[in-house]
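# Results of the structural survey
Chain by chain, the residues:
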Amino acid sequence: MQPALWAAILIPLVLLLWLVAQVMPTPRDRQLKRLRDHARALGLAVHVRRVPDPDPEPEARVSGGGAARDPRLEVAVYTRPLRLPAGVERRHVPAFQALAMPRHADEVLVPGLPAGWRLARSELPLLDSVLAELGELLVRTPRGTVTVEGTASGCSVAWRERGETDEVDALGAALDDLCAFQLALARKAAAREAAPDPD
């Protein structure tokens, strides 16, 4: 065969093989699908978002030329919806957002919370017992957790999706307990509101 004929056969064949390789899922793609399918089977919602990096390296905040940067992370947010019982309204549910600070993993940033955690915003009653209970829930989140959030709509964990489905099982259990924590505080707030004023 002539070289031109070989080239006419091989170039389209190589191009076709390259295109097939581009659409085939990678091992990481298969892992993420496994994790997310398992989460949905547990009743969790899963969304991928870009969020601000709560604890970026200094070079991620400022370029070599001195220009400010906005460091962000792509994370999966796993959410358990919060179902409010009778007598509890959305306004009774305190919202909070806790941030994992891996560069400060050995420092207590907020008294009552585990080392390496801080509150970005909080409507929680800032009592030692409340912070201690929240702290116990934060340490149960999986490795790679970026943020833990509670609102009247539900509780969510943003993480970098590592491990296997047992991590998702643990995350689902932590989200269940976070929702129970939120509801307990909401019930107390509703009961205080309904209590008659002492005269």
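Above this text is the structure in question.
Sequence order as written defines residue numbering, which begins from 1 separately in each chain. With pLDDT at 70 or above as the cut-off, local features in this predicted model cover only qualifying residues; side-chain atom pairs require 80 or more to be listed or tallied, and sums for whole chains, interfaces and linings still use all residues. Computation of side-chain values: all heavy atoms of the structure, hydrogens and water removed.

## Some thoughts on the layout of surface pockets
Applicable threshold: Throughout, the protein atoms alone are placed on a 1 Å grid, and a set of points is a cavity if a 1.4 Å probe fits but cannot get out or a pocket if it is open with protein on both sides within 12 Å along at least five of seven lines; lining residues have an atom within 4 Å of a point. Grid points are joined across faces, edges and corners, and a volume is the space filled by probe spheres set on the points. Under the scheme applied, nonpolar residues are Ala, Val, Leu, Ile, Met, Phe, Trp, Tyr, Cys and Pro; charged residues are Asp, Glu, Lys and Arg; polar residues are all the others, including Gly. Secondary structure follows DSSP: runs of H or I at least 4 residues long count as helices, runs of E at least 2 residues long count as strands, and numbering of each begins at the N terminus.
What the largest pocket holds in volume is close to 330 Å³. Lining the largest pocket are 21 residues, and of these Ala-100, Met-101, Pro-102, Gly-144 and Thr-145 lie nearest its centre. A class-by-class count of the residues in the lining of the largest pocket yields 12 nonpolar, four polar and five charged. Within this model, the second largest pocket holds a volume of roughly 210 Å³. Looking at the second largest pocket, it is lined by 14 residues, and the ones nearest its centre are Arg-49, Val-77, Thr-79, Glu-149 and Ser-156. Among the secondary structure elements, those contributing two or more residues to the lining of the second largest pocket are strand E1 (45-52), strand E2 (72-81), strand E5 (145-150) and strand E6 (154-159). Here the lining of the second largest pocket gets four residues from one element, more than from any other, and that element is E6.

## A look at the pairing of E5
Our working rule: Relative accessibility thresholds used throughout: buried, under 20% of the residue-type maximum; exposed, over 50%; partly exposed, between the two (1.4 Å probe, protein chains only). Paired strands, in this sense, are two strands between which DSSP finds at least two bridges.
Within E5, five of the six residues are buried, leaving the element largely enclosed by the surrounding structure. Relative to E5, strand E3 (residues 96-100) runs antiparallel, the two being bridged by four bridges. Along E5, the bridge assignment pairs Gln-97 with Glu-149. Note: E5 against E6, five bridges, orientation antiparallel.

Coordinates in, geometry out; function isn't part of it.
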